[in-house]
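Residue-level listing of the chains:
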Amino acid sequence: MKVLLSGNEAVARGGYEFGVSVAAGYPGTPSTEILENIVHFSEIYCQWSPNEKVALETGIGASLAGARTLVTMKHVGLNVAADPFMTLAYTGVNAGLVIVCADDPGMHSSQNEQDNRFYAKFAQVPLLEPSDSQEAKDLVGFGLEISEKYDTPVLLRLTTRISHSKSLTEVKDQRIVSSIGPFAKDPKKYVMIPAHSRKRHVLMKTRTKSLRALSESTDWNRCEMNDKKIGIICGSIAYQYAKEVLPEASYLKLGMSHPLPHKLITDFARHVEKLYVLEELTPFIEDQVKAMGISVEGRSMLPDTGELTPDIVAQAFLHESAPKGYHPGVELPPRPPVMCPGCPHRGLFYTLSRKKIRAMGDIGCYTLSVLPPLQAMDTCICMGASIGTAHGFNKASQGSDVPPVVGVIGDSTFLHSGLTGLLDVAYNQGNSTIIILDNRTTAMTGFQHHPGTGLTLQGKETRAVDLKALAESFGISRVHEVDPYDLKQLSQVIDREVKASEPSLIISRRPCVLLERKKRKTKPVQRQVAVDLCTGCKACLKLGCPAISFLAEDKAVIDPLMCNGCPVCEQVCKAGAIQSVAI
Amino acid sequence: MKMKKKKDILIVGVGGQGIIVASEILADVGKEAGFDVKKSEVHGMSQRGGSVSTHVRFGKQVFSPLIRQGKVDFLLAFELLEALRWVNFLSPHGAALVNNLKINPTTVSSGSMEYPSNIAHLLKESGHTIQLIEGINLAEQAGSKRAVNIVLLGALSGFLPDIAEEMWLKVIRSRVSAKTLQANEKAFYLGRKDA
Ligand SMILES: Cc1ncc(C[n+]2csc(CCOP(=O)(O)OP(=O)(O)O)c2C)c(N)n1
């Protein structure tokens, strides 16, 4: 039966059909829906791990125990998991282990656009790249099979367009039962002390040779000979764009792109007049083809950065620029994403912004506080970076007249990679104030549970970590819980803690307003502007709440369809014009 | 089944307007009608009230999930400013079906930029067929404010004569809850009549 599946849904389906029984990951766009779909298969144990490193380690254990395993993450997640990944490449696996990693060319929702294909080459493991959902599903099966046969982890690399595009996919009801035996003690293979690792590394070189032979012979790498004037080597989504724009060309389509099939490439090059590589982001394949002494073009025809589109491919190959089309003679206001009306993060960032306190930031919905009018975040590097950054900044500024900075971090992010940063502040006797934005969920990626929420991916009740007790056990004695809807309390606590000479932790706690709305279904109250009282001072606009706007330039108005009823705007209105009304 | 012509449809609007559901229904309808189908959207930041766009393509064999600029057959816009932002993706023969609704982006509500005042007029100046749809009114008439997306699909269905009405209803029935089915069916008919 053919169904429309996204790349992520197809990977989940592949997990079911090809006998996966354990799956672990950490959410991250565009990879999140893989586990969110796997959870529907009761045959598969699945979990959100606190972070990608732990997810991969869980996956390693499951594979050793004989379970076919998937580990999922977004591209930058593999940076976090890189440590186990690089040495897992030495030990190899027991049951098949596929790491599904989704890159985000164009940075639709990411902080960088690193090309994770290099990780496969770096770690010397096979790299698989699907071009649509059918291939995504089938490559899960192929990946598990070669993982077992060649004793290697496998990197299945998706991109945003593969993960989030739907295409017709044949699904089957049968599920393969894996026949891998249980763990057999084998220290030379699994205990990577130098003496063992040296031998494993030699074996890896042999393994790469065998994998290259596979890359030459597998159907996943195939020539489609057509017009021989143009020959294009490509895989992933670039293949679809090329076929769209140049249906007559000849193709060497690569589903397995590391190790590269040298013979296949040499033959293909010989049979076409002009050879190209079409790939997104970096000349990963092109540079290797050039190193083989083959003349080839590609990257130089494309923009240096960003996502490919069929228009870019048409421009490069046909010199066909996209038609200009109609442009109205007015400037179109952009529509950036914003924190939702009633978002508990708003009160906190409003307070920091009013006080002009610098905030070393982190990643999550709250990063949107960087945008006007709040402009309350000063850095964002990677998950967990806020705390170490604040600590380093404050250490360096000690004794100067530079005021201390705070670190702000979401609850999911704190549990992902903020713990060790906080430990650093405590251990090295910093004085930083760290603020956890505890909205009881991983909101940015669509409300996933985490170790602080009390529920697991599979919906089981579990213990929720006590952040206060945790910080105290690190040796941080100043821990305060505040409600970010209470601006006065926030202001007092922040003033006091920033001045303190010891480290402190402020837990700004209130559940995400969208979660609350889902639970309650209705909004109990709403805010409204009493037009006769509004002085038009625009103080409420400084909150950057999308529900509040200005009517004919002199009065505020709150959109009743958008207002989620939080009391923050009421507190900033000095004229008392914003009032709550029952609905 | 006789092979029908390809259709490239771009759905645009604001996060939270029900665009993803609309595109899911549309893609399913294409599949039911015997086409190869591809659909592409971007999740993530766009959920937080930002611009959202989804490409849906039907054809004998579809390669790219993204439609090329200037090749869109139908632009289904849930909001006026978003319609204007994307109208240049239409092919010369393309038509836009536009929900007559204004949602201020924060760049406007904060007072830093202006919302273009005469969008309906500007859209018509593009030379394309522009159909304005009173989505909210029709949805309310159908009995559910949230059925605007189904009203708009109803309107689009009027432009796709190759696809039988029953096919749309079948997919809508499979996608909406029993409780809202009646309102959604009515919304579909009202939109279809309006187009
Ligand atoms: C290593 C890594 N993994 C995953 C992500 C994707 N991601 C960005 S922020 C975030 C979590 C946000 O949750 P939280 O800290 O609770 O903040 P909220 O969005 O709820 O405000 C995730 C999963 C990432 N950027 N980097």
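Worth saying up front: this structure is predicted, and the values here are computed from it rather than measured. (Residues numbered from 1 in each chain as written. Chains lettered and ligands numbered in written order. Predicted model: local features only at pLDDT ≥ 70, side-chain atom pairs only at ≥ 80, totals over all residues. Heavy atoms only, no water.)

**Notes on the interface of chain A and chain B**
Then, in step 1: Each partner contributes residues to the interface: chain A has 53 residues there, and chain B has 51 residues.
Then, in step 2: Roughly 4,600 Å² is buried in total at the junction of chain A and chain B, and carbon and sulfur atoms are behind 61% of that figure.
Then, in step 3: Considering only the side of chain A, the residues that lose the most area to chain B are A:Tyr326, A:Pro333 and A:Arg335, jointly responsible for 20% of the buried surface there.
Then, in step 4: For the pair chain A and chain B, the number of links is 6 salt bridges.
Then, in step 5: Seen at the junction of chain A and chain B, the total is 19 residue pairs in polar contact (both at pLDDT 80 or more).
Then, in step 6: Counting residues per element, the ones that place at least two in the side of chain A that touches chain B are strand E1 (2-6), strand E8 (165-170), helix H11 (236-245), helix H14 (310-318) and strand E20 (548-551) of chain A.
Then, in step 7: No other element matches H11(A), which puts 6 residues into the side of chain A that touches chain B.
Then, in step 8: For the side of chain A that touches chain B, a count of residues per class yields 30 nonpolar, 11 polar and 12 charged.
Then, in step 9: Alignment of E8(A) against strand E2 (residues 36-41) of chain B, held across 3 bridges, turns out to be antiparallel. Across the sheet, residue A:Ser165 finds its bridge partner in E2(B), namely B:Ser40. (Contact = heavy atoms within 4.5 Å. Buried area = accessible area lost by both parts, 1.4 Å probe. Salt bridge = Lys/Arg side-chain N within 4 Å of Asp/Glu carboxyl O. Polar contact = N/O pair within 3.5 Å; in protein donor to acceptor, adjacent residues only side chain to side chain. Helix = DSSP H or I, 4+ residues; strand = E, 2+ residues; numbered from the N terminus. Nonpolar A, V, L, I, M, F, W, Y, C, P; charged D, E, K, R; others polar. Pairing = 2+ DSSP bridges.)

**Quick word on the pattern of salt bridges**
All names here are of chain A.
Then, in step 1: Applying the stated rule across the entire model yields 49 salt bridges over all chains.
Then, in step 2: For the salt bridge of Glu17 with Arg13, the shortest nitrogen-to-oxygen distance reads 3.0 Å. Here Glu17 and its partner Arg13 are both found in helix H1 (residues 7-17), 4 residues apart, which amounts to about one turn of the helix.
Then, in step 3: Relative accessible area serves as the criterion here: at 4%, Glu17 is assigned to the buried category.
Then, in step 4: By relative accessible area, Arg13 is classed as buried at 16%.
Then, in step 5: One salt bridge in this structure joins Asp495 and Lys355, with 3.2 Å as the shortest N-O distance. Pair noted here: Asp495 is in helix H20 (residues 487-499) and Lys355 is in helix H15 (residues 345-355), with a separation of 140 residues, a long-range link.
Then, in step 6: Of the residues examined, Asp495 reaches a relative accessible area of 33% and is grouped as partly exposed. (Buried < 20%, exposed > 50% of the residue type's maximum accessible area, 1.4 Å probe, protein only.)

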